[in-house]
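Chain by chain, the residues:
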Amino acid sequence: YNLQPMLSGNGVTQRTFCYSEYFNPNGTTTPTILNKMVRNDQYKIVSTMTTTGPIIEFFDLINDPFEMTPLNIGTLNPIENSAYINLMSIISTLGL
């Protein structure tokens, strides 16, 4: 694979999101906690799958950079709601 176009910025479209995963425990045992995170420049969704079911948290990284208080999904303003839908669609598209 030729990385030159990406490194030079010619003809390459960059993603607008970042994705990561965290398993606990990590290794040969079945994980009891599985975190999947996707973020854009301002918002982040953290999906935590536990043995009791999923927990979804949505953060505004500009107003809450330390992710102390998740936004209430039921009271999102139109901009937050649009970002939430977009990030959830990325999770869905990636088959997460």
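Numbers given to residues run from 1 along each chain, matching the order in which its sequence is written. Reporting in this predicted model follows two pLDDT cut-offs: at least 70 for local features of residues, and 80 or more for side-chain atom pairs to be given and counted; totals over whole chains, interfaces and linings ignore these cut-offs and use all residues. Only hydrogens and water are set aside when side-chain values are computed; all heavy atoms of the structure are taken into account.

Novice: What exactly am I supposed to notice about the overall build of the protein here?
Specialist: Numbering of helices and strands runs from the N terminus, with a helix taken as a DSSP run of H or I at least four residues long and a strand as a DSSP run of E at least two residues long. A count of helices and strands for the protein gives 2 helices and 4 strands. The N-to-C order of helical and strand elements in the protein reads α-β-β-β-β-α. Counting all 96 residues of the protein, 28% fall into the buried class. Relative to all contacts within the protein whose residues are 6 or more apart in sequence, the contacts with residues 24 or more apart total 23%. Summing over all exposed atoms, the protein offers an accessible surface of approximately 6900 Å²; the carbon and sulfur share of this is 55%. Classification of residues uses two cut-offs on accessible area relative to the type maximum, computed with a 1.4 Å probe and protein chains only: under 20% is buried, over 50% is exposed, and between them is partly exposed. Note on definitions: a residue-residue contact is assigned when non-hydrogen atoms from the two residues lie within 4.5 Å. In this description, accessible areas are obtained by the Shrake-Rupley approach with a 1.4 Å probe, and a residue is regarded as covered only by the protein chains that are shown.

Novice: What exactly am I supposed to notice about the nonpolar core here?
Specialist: Generally speaking, a soluble globular protein has its nonpolar side chains buried in company with each other. In this structure, Phe17, Val38, Tyr43, Ile45, Phe58, Leu76, Ala83, Tyr84, Leu87, Ile90 and Ile91 together form the largest nonpolar core, which totals 11 residues. For this core, the secondary-structure elements that each account for two or more residues are strand E3 (43–50) and helix H2 (78–93). Top contributing element to this core by residue count: H2, with 5 residues. For our purposes a nonpolar core is just a set of buried Ala, Val, Leu, Ile, Met, Phe, Trp, Tyr and Cys residues, chained together by side-chain atoms within 4.5 Å.

Novice: What's the story with unusual backbone geometry in this structure? I'm lost.
Specialist: With the exception of glycine, the majority of residues adopt a negative phi angle, and the majority of peptide bonds are in the trans configuration. The residue Glu67 is not glycine, and still its phi comes out positive at about 55°. Checked against the element boundaries, Glu67 lands in the loop between strand E4 (53–60) and H2. Given a relative accessible area of 27%, Glu67 falls into the partly exposed group.

Novice: Sorry if this is basic, but what is going on with the environment of Ile90 here?
Specialist: Secondary-structure assignment places Ile90 in helix H2. Along the primary structure Ile90 and Tyr19 are separated by 71 residues, whereas in three dimensions their C-alpha atoms are 9.2 Å apart. Contacts of Ile90, omitting those with residues within four sequence positions, involve Phe17 and Val38.

Novice: I'm lost on the packing of aromatic side chains in this one. Help?
Specialist: Side-chain rings of Phe, Tyr and Trp, where Trp is taken by its six-membered ring, are said to pair if the distance between their centres is within 6.5 Å; with planes under 30 degrees apart they count as stacked, over 60 as edge-to-face, and otherwise as tilted. Scanning the entire structure with this criterion turns up 2 aromatic pairs. Their ring planes at 15° and their centres at 5.3 Å tell us that Tyr43 and Phe58 sit as a pair that is stacked. On the criterion of sequence distance, the pair formed by Tyr43 in strand E3 and Phe58 in strand E4 is long-range, its members being 15 residues apart. Comparing Tyr43 with Phe58 shows no difference in burial state: the two are buried. Both rings, one in Phe58 and one in Tyr84, keep their centres 5.2 Å apart while their planes meet at 75°; by these two values the pair is edge-to-face.

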